[in-house]
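Structure assessment
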Amino acid sequence: MRRASGRSGTFLLLLVASVVCGTGIFVSSGSLAWSVFKSHQSSATVCKGCDALEFRLTEVERERDDLLVQAEHARLLGSSLRKGSEEAQSSSLEEGSEEVHSSSTGTDSKEVLTSSLAKGSAEAQREPQTLADLRALFDEELPRFQHYKATALEGERLRAERGPLKIAGFTRLWPPPVHGKGGMQYHAMHLYSRLASLGHTVHVFTTGTPNKPETHHFAVDPSTLVVKPSDPGKGNLWVHQTPSKKSGAYAVRWFASALDKFNSVAKDLPGGSFDVAHSESWAAVANSYQLGVPLAVTWHGSMLDWYRNELNQIIQNVRLKGNLPSEGNVKRLTELAESVAFETYALQSVPHHIVISDSAKSDLISADLIPESRVHLVYNGVNEENFKPLAADSPVRAAFRSKHKLLQTDFVVGCGGRLTAEKGHGQLAKAMGSILGAHRDVILLVAGTGGEGKKYEKLRDAGLRVVMVGMLGQGDLATFYASIDVFVDPYWQHHGLNTVMIEASLSGTALVATDLASSRTTIPNAAFGQTFGLGFKDDLERAIMYFKTHPDIRRAVGKNLRQRALKLFTSTTMATMYEQVLYSAVQNPVSIMALEGEVACKDAYPAMCYRKPKPPPS
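Read on for a plain summary of the structure. Sequence order as written defines the numbering, with residues in each chain counted from 1. In keeping with the model being predicted, local features are shown solely for residues with a pLDDT of at least 70 and side-chain atom pairs are shown and tallied solely at 80 or more, while totals for entire chains, interfaces and linings include all residues. With hydrogens and water set aside, each side-chain value is computed from the structure's full complement of heavy atoms.

1. A closer look at the overall build of the chain
For the record, the criterion: Elements are defined by DSSP. Helices are runs of H or I of four residues or more, strands are runs of E of two residues or more, and each kind is numbered from the N terminus. Exposure classes here rest on a 1.4 Å probe applied to the protein chains alone. A residue is buried below 20% of its type maximum, exposed above 50%, and partly exposed in between. Contact criterion: two residues are considered in contact whenever any of their non-hydrogen atoms come within 4.5 Å of each other.
Of the regular secondary structure elements, the chain holds 21 helices and 19 strands. With 618 residues in all, the chain has 55% of them scored as buried. The long-range share in the chain, meaning contacts at least 24 apart out of those at least 6 apart in sequence, stands at 71%.

See the structure below:
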């Protein structure tokens, strides 16, 4: 399904406010009337975060009639992808408009919910029947990704014209041996090492142990992008660990020690200062004013995204199992609602925001009311030299398929990454159980490790064709993508841009993914893959089997994905886009709030820290 998210972001804020402030929300389908009421609270109740959200609730109230009219349009129009359908889609809502209008019909609510939304999901994305259909869809998207690539090339021009930058990078985590493995730390290393390889001076500030500050020296090979430890004075990338309450954790102490180290390093640079600073998520936000240089922050996921994740989990459990929200869901939503309120406050102090997906950009502008001029879209990238298609007769591909007993006639479905609940492996295991039971020429390859792997092992133990290949290194992972027919990413996380989809795209492998935030960047229409509705097993089965029954289209989709990914999702393009944003931040400084109060941290996962306003003189 494809839906515009502008209005729905403000509707979600109303849901957040209802948890923070004890507010109830009712929508009446008969009169298209919207009412917000305050629940009765004791005089001792404190409404934490209400002030921070109050102006946004007013904005929602002004838009209520428009919102509900759009919901009606969405119900009637669906997600037609014929010529001119983009205009129809711009007035559609997030999933749920069907529930609003079916609530007063008298039909069993669970039956209406399941049948109407499942039907909408199955019909939402056009299934091309010919290669000509596919080409027409590809041509619709072509100008946009060509424009993005042209914008990225502007970074190269600015570097040649203005010379290298002195960049301060802030990140809570760094890959081993400094910290553990994880997506954000590898993104930080990939970005900062790539910038260093382009000639920029890059110093990174990260969390350390309470009593042992340490500086690590690295050398980045510009030709291979390989990062290796180096002797002091011989590297081109410095990583400074400064004291925190513990290594890998945000703390008030770390923001103070990181700022001190930043100022100390800056004094020894030519000109006595950095040109610009960059932060991975919250790592420099509390010091945005204190740094005294332009700052850009990359958001890998917002607190509002984490709030949505809980809602997505509830939706999946309703649709797959018919379950009520758990006590854990309710508790987590309450904790996150407070973080959302303080995030709303803190976001206003950030001069430049970098987002990694189209939906994240829309959310910052429409839900958090950040001026569009301060929101920059930079997709994540991976090393394009590592992920390439393999010919059908490639010896490497043949060896991999032989090792895992794959027949030439097999249709091979792959999934991978962290096998954890939020990655959606529960719904994929259910769907594959049905498919594998009915089609003996289908086999599932699972790459990765985690607790949800037991679901796939149960299918294997029942005699179905499932192969657990474990965690793969970069070389074997590239071969894995190039040896399967379709890669499925069944996640229900709202935030981020899933690396596995980028890697599969560069490998020329057809994609199937949940119709949520990340896939709306990687699969903008059916020329680049198939999407399915969250929690709808039959819809997921349909998407997978579509590629089995349309092999020519599957191969063409793989080629389309790679062609687009080479413009959008490579490490080279990512680095030059960052250059363009950082040079622009230096050239066009933005005035921000002078926050000079204390630093405060919220420990509810994921942790965040912000700076309070300076108290007025007593």
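Still more to cover.
2. Digging into the sheet that holds strand β14 (residues 466–470)
Quick note on the threshold: Here the rule is simple: two strands pair whenever DSSP picks up at least two bridges between them. Axes here mean lines fitted to C-alpha atoms, for a helix over just the part in contact, with angles spanning 0 to 180 degrees between N-to-C directions.
The 6 strands lie next to each other as β14-β13-β12-β15-β16-β17, forming an open sheet whose pairing is parallel. Either end of the sheet is taken by a strand with one partner, and the two such strands are β14 and β17 (530–532). Geometrically, the sheet is characterised by an average inter-axis angle of 20 degrees between neighbouring strands, direction not taken into account.

3. A short note on the packing of helix α14 (residues 425–438) against helix α15 (residues 453–461)
Short version of the rule: Here is the rule for angles: anything less than 35 degrees is roughly parallel, anything more than 145 is roughly antiparallel, 65 through 115 is roughly perpendicular, and the remaining ranges are oblique. Left-handed is the label given to a crossing in which the near helix is rotated counterclockwise from the far helix by less than a right angle, and right-handed is the label when the rotation is clockwise. Residue type decides the class: Asp, Glu, Lys and Arg count as charged, Ala, Val, Leu, Ile, Met, Phe, Trp, Tyr, Cys and Pro as nonpolar, and the leftover types, Gly among them, as polar.
Packing of α14 against α15 leaves a shortest axis separation of 9 Å and a crossing angle of 15 degrees. Taken together, the axis directions place α14 and α15 in an arrangement best described as roughly parallel. Of the two elements, α14 crosses α15, and the hand of that crossing is right-handed. Contacts between α14 and α15 pair H425, G426, L428, A429, M432 and G433 from the former with K455, Y456 and L459 from the latter. When the residues that make up the contact of α14 with α15 are grouped by side-chain class, the tally is 5 nonpolar, 3 polar and 1 charged.

4. Some details on the nonpolar core
Nonpolar side chains in soluble globular proteins generally cluster together in the buried interior. The condition that has to hold: Here the nonpolar core consists of buried residues drawn from Ala, Val, Leu, Ile, Met, Phe, Trp, Tyr and Cys, with membership extended through side-chain atoms lying within 4.5 Å.
Judged by nonpolar contacts, the single largest core of 152 residues is most densely connected at F170, M432, L445, F480 and I544. Of all the elements, helix α7 (residues 131–162) adds the most residues to this core, at 8 residues. Every residue in contact with I544, bar those within four places of it in the chain, is listed here: F411, V413, L428, M432, I435, V488 and V512.

5. Some remarks on the state of the cysteines
Convention followed: By definition, disulfides here are pairs of cysteine sulfur atoms that lie within 2.5 Å.
Applying the stated criterion to the full structure yields 1 disulfide. Here C601 connects covalently by a disulfide to C609, the sulfurs 2.0 Å from one another. Its S-S torsion of about 105 degrees marks the bond between C601 and C609 as right-handed, since a negative value means left-handed.

6. A short note on the packing of aromatic side chains
As a reminder, the rule being used: Ring pairs are drawn from Phe, Tyr and Trp, using the six-membered ring of Trp, whenever the two centres fall within 6.5 Å, and their geometry is named by plane angle: stacked under 30 degrees, edge-to-face over 60, tilted for the rest.
With the rule as written, the count across this model stands at 22 aromatic pairs. Consider the rings of F205 and F262, whose centres lie 6.2 Å apart with planes at 65 degrees: the pair is edge-to-face. Of this pair, F205 sits in strand β4 (residues 201–208) while F262 sits in helix α9 (residues 252–267), placing them 57 residues apart in sequence. F262 shares its class with F205; the two are buried. Measuring from centroid to centroid gives 6.3 Å for F205 and F274, while their planes differ by 80 degrees, and the two rings are edge-to-face. Of this pair, F205 sits in strand β4 while F274 is found in the loop between α9 and β8 (276–280), placing the two residues 69 residues apart along the sequence. Residue class for F205 comes out buried when judged on its relative accessible area of 0%.

7. Focus on the pairing of strand β7 (residues 237–243)
Counting buried positions along β7 yields 6 of 7 residues, so the element is predominantly enclosed. Two strands pair when backbone bridges link them, and β4 and β7 are joined in this way by 7 bridges, in the parallel orientation. Bridge pairing in β7 links T207 to T242.

8. Section: the pairing of strand β10 (residues 352–355)
What counts here: When the strands point away from the viewer and the path from the first strand over the helix to the second turns clockwise, the crossover is right-handed.
Here β10 shows two buried faces, one formed by H352 and I354 and the other by H353 and V355. With 4 bridges joining them, strand β9 (residues 295–299) and β10 adopt parallel strand pairing. Across the sheet, A296 pairs through a bridge with H352, a residue of β10. Examined bridge by bridge, β10 and strand β11 (residues 375–377) share 3 bridges and lie parallel to one another. Following the sheet pairing, I354 is matched in β11 by H376. In terms of handedness, the path from β10 via helix α12 (residues 358–366) over to β11 forms a crossover that is right-handed.

9. Here we look at the side chain of Q241
The following threshold applies: Think of a polar contact as two N or O atoms within 3.5 Å of one another; within protein, one of them needs to be a possible hydrogen donor and the other a possible acceptor, and neighboring residues in sequence only count if both atoms come from side chains.
Here Q241 shows up in strand β7. Reaching out from Q241, the side chain makes a polar contact with the backbone oxygen of T207 at a distance of 3.0 Å. Within the structure, Q241 has its side chain in polar contact with the side chain of H216 (distance 2.8 Å). Among all residues touching Q241, those that are not within four sequence positions of it are V178, H179, T206, T207, G208, P213, E214, H216 and S247.

10. Considerations on the pattern of salt bridges
Selection rule: Here, a salt bridge means any side-chain nitrogen of Lys or Arg that lies within 4 Å of a carboxyl oxygen of Asp or Glu.
Counting across every chain of the model gives 28 salt bridges. Note that K166 is salt-bridged to D275, the shortest N-O span being 4.0 Å. Within this pair, whereas K166 is found in strand β3 (residues 166–170), its partner D275 is found in the loop between α9 and β8, the two being separated by 109 residues in sequence. Taking the shortest distance from any N to any O, the salt bridge between E385 and K388 comes out at 3.1 Å. Given a relative accessible area of 38%, K388 falls into the partly exposed group. One network of salt bridges, with partners in common, ties together E141, R144, D358 and R564.

11. Regarding unusual backbone geometry
The amide bond that connects P176 to the next residue, P177, takes the cis arrangement and shows omega of 10 degrees. Examined against the element boundaries, P177 turns out to sit in the loop between β3 and α8 (183–197). The residue S281 is not glycine, and still its phi comes out positive at about 55 degrees. Mapped onto the fold, S281 is located in the loop between β8 and β9. For S281, a relative accessible area of 8% puts it in the buried group. You will see that L369, though not glycine, has its phi angle at about 60 degrees, which is positive. Secondary-structure assignment places L369 in the loop between α12 and β11. Residue classification places L369 among the partly exposed positions, given a relative accessible area of 37%.

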